[in-house]
Amino acid sequence: MDDPGDTVPRPLFDSGPDTDWSDASAPRTMAVLSPTMIDALRHLTPAEGGAPDLLEVVACCLRLREPLLLSVVVDGWVWPLTLYPGAWMYRAPVDWRKAPPAGLWAARLLACEPPAVDAPVLARRGRARQFPPCHYPLGGLLWSLALLGPRQGLLGALAGQEFFRVFETEREPDATRPSGALGSVVTRLLAVPATLAEIARWPGMDPMRAARLLNGLYLQGRLVADDGPLNPDDEHPSAWSDTVPSRWPMQGTYVPTRPRRGAAR
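Residues numbered from 1 in each chain as written. Predicted model: local features only at pLDDT ≥ 70, side-chain atom pairs only at ≥ 80, totals over all residues. Heavy atoms only, no water.

Novice: Before we move on, can you summarise the overall build of the chain with the specific residues and values?
Specialist: When you go through the chain residue by residue, the secondary structure sums to six helices and 12 strands. Split into buried and exposed, the 265 residues of the chain put 48% on the buried side. By element, 54% of the accessible surface of the chain is carried by carbon and sulfur atoms, the whole surface being about 12,900 Å². (Helix = DSSP H or I, 4+ residues; strand = E, 2+ residues; numbered from the N terminus. Buried < 20%, exposed > 50% of the residue type's maximum accessible area, 1.4 Å probe, protein only. Areas by Shrake-Rupley, 256 points an atom, 1.4 Å probe, with all protein chains shown as cover.)

See below:
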């Protein structure tokens, strides 16, 4: 591997104390995130401080199509996840679709920086893509984070929508077809639109499961709302409607601080 450090989980205590983003100073590396990504992450930062919501950052990565290396804390371990939205793949120690780590419901974002390596060029065998070690289809990770991760409500991009419907996609079909009650809901939404409240009343569902399913479908680019397809690759200003501008310096880059209200300039 080019950089084995980004494919090996490490104990959280080896990473030192949690980053105090408000005191971050000089860049640690010449690699920086794009100004558009930095601005989007600022808007995702909670008003009370701390790191942005993990699933919202993933949605932002898809929307801007900018690769990201995320350091995610799960059950005392820091997992490196490198997202390559343009190639629809990710790089990680294991495939989270097949072996999601225990405690994923309490996962939190520790750091966000540019990838250590570029996305590899994949060979094909027929229609199937051949992935090198530690690289996997992105769809499986998105489902794991949406269905098992910490976010229990709708993503910001979906909050103002009323009716939802599903359409088929050719993108990694094996990773985009949930089973059981969730699969039945997807089949039903292929035929008729429904509101979040209606979906929550269907067999095997509740408000949280319905929101998680819709989040997963949105990240897969399979959701249609009243005003057309909801694709995370497109621009959706409403995604940031429930946040306020703030600063969140990312590891590996420097974000200038904004003056506080009433402070002398």
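Now that the structure has been shown, we can carry on.
Novice: Could you give an account of the pattern of salt bridges, naming the residues involved and the relevant values?
Specialist: Taken as a whole and assessed by the stated rule, the structure comprises two salt bridges. Between Arg151 and Asp53 there is a salt bridge, with the nearest N and O atoms lying 3.4 Å from each other. Pair noted here: Arg151 is in the loop between α3 (138-148) and β9 (163-166) and Asp53 is in the loop between α1 (35-44) and α2 (54-64), with a separation of 98 residues, a long-range link. For Asp53, a relative accessible area of 25% puts it in the partly exposed group. The residue Arg151 makes a salt bridge to Glu56 at a minimum N-O spacing of 3.5 Å. With Arg151 in the loop between α3 and β9 and Glu56 in helix α2, this residue pair connects regions lying 95 residues apart in the sequence. A network of salt bridges, in which partner residues are shared, links Asp53, Glu56 and Arg151. (Salt bridge = Lys/Arg side-chain N within 4 Å of Asp/Glu carboxyl O.)

Novice: Please provide a residue-by-residue account of the state of the cysteines, values included.
Specialist: Within this structure, the stated rule accounts for zero disulfides. A disulfide-free cysteine, Cys112 has its sulfur positioned 8.2 Å from the sulfur of Cys61, the nearest such atom. By relative accessible area, which is 0% here, Cys112 ends up buried. (Disulfide = S-S within 2.5 Å.)

Novice: Quick rundown of helix α4 (residues 180-191)? Include the residues and the values.
Specialist: Over its 12 residues, α4 extends 18 Å from the first C-alpha to the last, a length consistent with the 16 Å expected when each residue adds 1.5 Å. Residues Leu182, Gly183, Val185, Val186 and Leu189 constitute the buried set of α4. The arc that holds the buried residues of α4, viewed along the axis, is 160°, so those residues lie on one side. Of the exposed residues in α4, the ones pointing more than 90 degrees away from its buried face are Gly180, Thr187 and Ala191. (Expected span 1.5 Å × (residues − 1). Arc of directions from axis to C-beta.)

Novice: Before we move on, could you go through the nonpolar core and cite the residues and values that matter?
Specialist: Core analysis: the largest hydrophobic core is formed by 60 residues, its most contacted members being Leu70, Trp96, Ile199, Tyr218 and Leu223. Tallying contributions element by element places α2 first for this core, with eight residues. Excluding anything up to four places from it in sequence, Ile199 contacts Val185, Leu189, Ala194, Met205, Ala210 and Leu214. (Core = buried A, V, L, I, M, F, W, Y, C linked by side-chain atoms within 4.5 Å. Contact = heavy atoms within 4.5 Å.)

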